[in-house]
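Given next are the chains, with one letter for each unit.
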Amino acid sequence: MTGFRAVRLAAGLLVLLLVTTVSGQNITGTLTGVVLDPAGASVVGAQVELLNQQTQAKQTTTSNESGIFMFPSLLPGSYTINISLSGFRTYQVKDLVITMNERRSLGEVVLQVGQLQEKVEVVAEATPVQTASSERAGLVGQTQILNTAIRGRDFVALIATLPGIYDANMQSRDVSKGPGAGGLHVNGGRDTSINFSLDGVQNTDTGSNGGSHVQPNMDAVQEVVVLTSNYQAEYGRNSAGTINVVTKSGTQEFHGSAYWFYRHEGLYANSFFRNRSGTVRPIERIQNFGYTFGGPIYAKNFNKEKNKLFFFWSQEYVRRQNFFATNFVTTPTAIERQGDFSNTRDVNGAVIAIKDPTTGLQFPGNMIPQSRINKAGLAILNYFPLPNYVEADPALKYSRNYRSSGSGPFPRREDLFRIDYNINQSMRVYFRGTRDNDDENWLYSNWTAGSHNFDMYNTYRHQMGRSALLHISNTFSPTLVNQFTMGASNRAQTFNPSDPTLVARSKMGSIGQWYPGANESRAIPDVTFGGVTNAINGGLGNIPYTNRNPVFSFIDNVSWMKGSHALKFGIYLERMRKDEVGGANTRGSFDFGRNTNNPFDSNYAFSNALLGNFNS
């Protein structure tokens, strides 16, 4: 390559290196190249036509005085490019795949002398060498999404197939919502420092920085690009990588799909330890079904060529019975509630001495007199269930006497609609709306249900996500393009016991409160029994709970090319709000645990409660 031609190619690459100075993020890609004649001189005014192979939408530009052409606003897809000029053969490249956020250069395009009717055809390479920008990025395309077997229908699980990415929540991804981007680590970064965007707009729960507002199902995803390092400033919102997801759009032809997946505990073997304890297989079922449909919108006198207006529609339903865990705990026995601790033993089988706090001596027969039983303490013990399990393993005989093994319904529905409108060759618009509804019913083993460890009540958690986006791209001239994106999203959730009467304060004898007006739920206090092996406890969640996270985004980018120089500048405005209830417990908390420094300690938590003596 001569020094002159090297400078020309370097100038073409400089277009893309300068193109992302201070702009706001988006999902479009960029294509550039340098048109030369056989002698290596710049070709000015060459007609460059770019055709979207799925929609037949066209974009045109011309090479400038430096021979450079650029398409700065290309939605992901497969394209055909034609470069023509009188006196030269037409140069054509087919199957040119542009992915989300990609900066792609055709390098030098040398036109051969000949007639326009003559054509030089080139098929684009499947895996081009990236020369137009320096970022490291990974792509999960349609082939991987449709053909890679994963445990559940959560496309985020496929991101772990990319180099440098670890997914700590791989086993939790059973449905499309799953844990969102939570658990993903890009090049060792924190999972709470990842930016998760949908169609170029922020989609991360800004309260936890771990969940997502909405998450499309696998059949509605066109591709996923993960920017891992050295990416442009416009993607610098978060420090540990950016996950960009783009949804499908309609094409010239009608396409649709339908699916149904089913999982049932009858297909699983029971575990060794569950068989050993006589615990049946847990109920764990997932029905996942949905459909997609998309194509052109046309009429007799509108869009006859089917290359202007397109739609895509998707729905997914999940009917899920989620298994929480099997918990073994120790609850007070019937005779212990009557003051008889003569058979209360430690894990080694030795009787635990119950001491009279007034004398420091053991109660005769290890039994608390009826006159010493505190009514409030007895009401607290009576709230907890009686034993329902007899341990067969001699080593665990005195370690547990109550078993919980529960499941709960987790229904989900996801709707997605997208419409693309190629108004003319200069102006293109698309709108996408998404709605997620997720309901969860937790018995225990989740922060929403609190710290209680048995099946005392069900916590109903309603979650809903909403997201809408409008994108407008306007080509004012071959050298000036503007892109505007406006997005709004929100994730809201509430939870409370589905049957508040099960945790009503009256269930524990209507224990008094310091601030009864502040406790809207009028629920029982938290109760713990420290020192009891596998002690049962009654810790509730932060009820009643409400949470909402509305986010509004405004993005405008301007791409301007002048000679061998190009600038891209813009603005990114994001207005977010997080409304969430505080964590203060106004219901109260009782700890009856053993404490040798407590002069009222009777040497066992259940007897402390029965005597009305607490540690704190």
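Here the structure is a predicted model, which is why all the values come from computation and not from measurement.

Digging into the overall build of the protein
Thought 1: Helix and strand content of the protein: 6 helices and 29 strands.
Thought 2: Classification of the 616 residues of the protein by burial places 53% in the buried group.
Thought 3: Considering only intrachain contacts with a sequence separation of at least 6, the fraction spanning at least 24 residues in the protein is 69%.
Thought 4: Total accessible area on the protein stands at roughly 26900 Å², and carbon and sulfur atoms take up 55% of it.

Comments concerning the pattern of salt bridges
Thought 1: Tallying each qualifying case throughout the model produces 23 salt bridges.
Thought 2: With its nearest N and O atoms 2.7 Å apart, the salt bridge here joins Asp167 to Arg173. When sorted by exposure, Asp167 lands in the same class as Arg173, which is buried.
Thought 3: Between Arg432 and Asp199 there is a salt bridge, with its nearest N and O atoms 2.8 Å apart.

A look at the nonpolar core
Thought 1: Counting 37 residues, the largest nonpolar core has Ile368, Phe384, Met456, Val503, Met508, Phe529 and Leu540 as the members making the most contacts within it.
Thought 2: For this core, the secondary structure elements donating two or more residues are α5 (375-383) and α6 (605-611).
Thought 3: In terms of nonpolar packing, the next biggest core, distinct from the first, is built from 28 residues, Val48, Phe69, Leu74 and Leu75 among them.

Let's talk about the sheet that holds strand β7 (residues 103-110)
In a beta sheet, neighbouring strands pair by backbone hydrogen bonds and run either parallel or antiparallel.
Thought 1: Taking strand neighbours across the sheet as the criterion, the 3 strands line up as β4-β1-β7 in an open arrangement whose pairing is mixed. Each edge of the open sheet carries a strand with a single partner, namely β4 (68-74) and β7. Taken over all neighbouring pairs, the strand axes of this sheet differ in orientation by 15° on average, direction set aside.

A short note on α5
Thought 1: Within α5 the residues assigned to the buried category are Gly377, Ala379, Ile380, Leu381 and Tyr383.
Thought 2: Where α5 is buried, its residues touch α4 (334-337), β24 (526-528) and α6.
Thought 3: For α5, the capping residue at the N-terminal end is Asn374, with a side-chain oxygen 2.9 Å from the backbone nitrogen of Ala376.

Here's the deal with the confidence of the model for the protein
Thought 1: Taken over all residues, the pLDDT of the protein has a mean of 84, while the share at 70 or more is 90%.
Thought 2: Put simply, helix α1 (residues 3-18) is where the protein has its lowest mean pLDDT, 42, and α4 is where it has its highest, 95.
Thought 3: Note that pLDDT drops below 50 for residues 1-23; the model gives that stretch 57 contacts with residues more than four away or on any other chain.

Remarks on the pairing of strand β3 (residues 58-62)
Residues in a regular strand project their side chains so that they alternate between the two faces of the sheet.
Thought 1: Alternating positions in β3 separate cleanly, Gln59 and Thr61 being buried on one face and Lys58, Thr60 and Thr62 remaining unburied on the opposite face.
Thought 2: With 5 bridges connecting them, strand β2 (residues 47-52) and β3 associate as antiparallel partners. Residue pairing across strands places Leu51 opposite Lys58, the latter belonging to β3.
Thought 3: Where β2 folds back onto β3 in an antiparallel hairpin, the turn is made up of 5 residues, including Gln56, whose phi is positive at roughly 65°.

Some points on a nonpolar patch on the surface
Thought 1: Among the surface-exposed residues, Met486, Phe552, Phe554, Ile571 and Leu573 lie close enough to one another that they form a single nonpolar patch of about 430 Å² accessible area.
Thought 2: Elements represented by at least two residues in the nonpolar patch include exactly β26 (551-562) and β27 (565-576).
Thought 3: Summarising the element assignment, Phe554 is placed in strand β26.
Thought 4: Accessibility expressed as a relative area gives 35% for Phe554, which makes it partly exposed.

Concerning the pairing of strand β20 (residues 412-422)
Thought 1: Both strand β18 (residues 309-329) and β20 contribute to a ladder of 10 bridges, which runs antiparallel. Residue Phe312 lies in a different strand from β20, and its bridge partner there is Arg418.
Thought 2: Pairing geometry for β20 and strand β21 (residues 427-442), over 11 bridges, is antiparallel. Opposite Tyr421, over in β21, you have Val429 as the bridge partner.
Thought 3: Count of turn residues in the β20/β21 antiparallel hairpin: 4 residues.

Considerations on unusual backbone geometry
Thought 1: A cis amide bond links Ile543 with the next residue in sequence, Pro544, at an omega value of -15°.
Thought 2: Looking at where Pro544 falls in the secondary structure, it is placed in the loop between β24 and β25 (545-548).
Thought 3: For Asn366, which is not a glycine, the phi torsion comes out positive at approximately 60°.
Thought 4: By relative accessible area, which is 2% here, Asn366 ends up buried.
Thought 5: Positive phi outside glycine occurs at Ser445, with the angle close to 65°.
Thought 6: Within the secondary structure layout, Ser445 lies in the loop between β21 and β22 (459-477).

Analysis parameters
Residues numbered from 1 in each chain as written. Predicted model: local features only at pLDDT ≥ 70, side-chain atom pairs only at ≥ 80, totals over all residues. Heavy atoms only, no water. Helix = DSSP H or I, 4+ residues; strand = E, 2+ residues; numbered from the N terminus. Buried < 20%, exposed > 50% of the residue type's maximum accessible area, 1.4 Å probe, protein only. Contact = heavy atoms within 4.5 Å. Areas by Shrake-Rupley, 256 points an atom, 1.4 Å probe, with all protein chains shown as cover. Salt bridge = Lys/Arg side-chain N within 4 Å of Asp/Glu carboxyl O. Core = buried A, V, L, I, M, F, W, Y, C linked by side-chain atoms within 4.5 Å. Pairing = 2+ DSSP bridges. Axes fitted to C-alpha atoms, helices over the stretch in contact; angles between N-to-C directions. Polar contact = N/O pair within 3.5 Å; in protein donor to acceptor, adjacent residues only side chain to side chain. pLDDT = per-residue confidence, 0-100. Patch = residues over 30% accessible without salt bridge, like charges linked within 9 Å, V, L, I, M, F, W, Y side chains within 5 Å.

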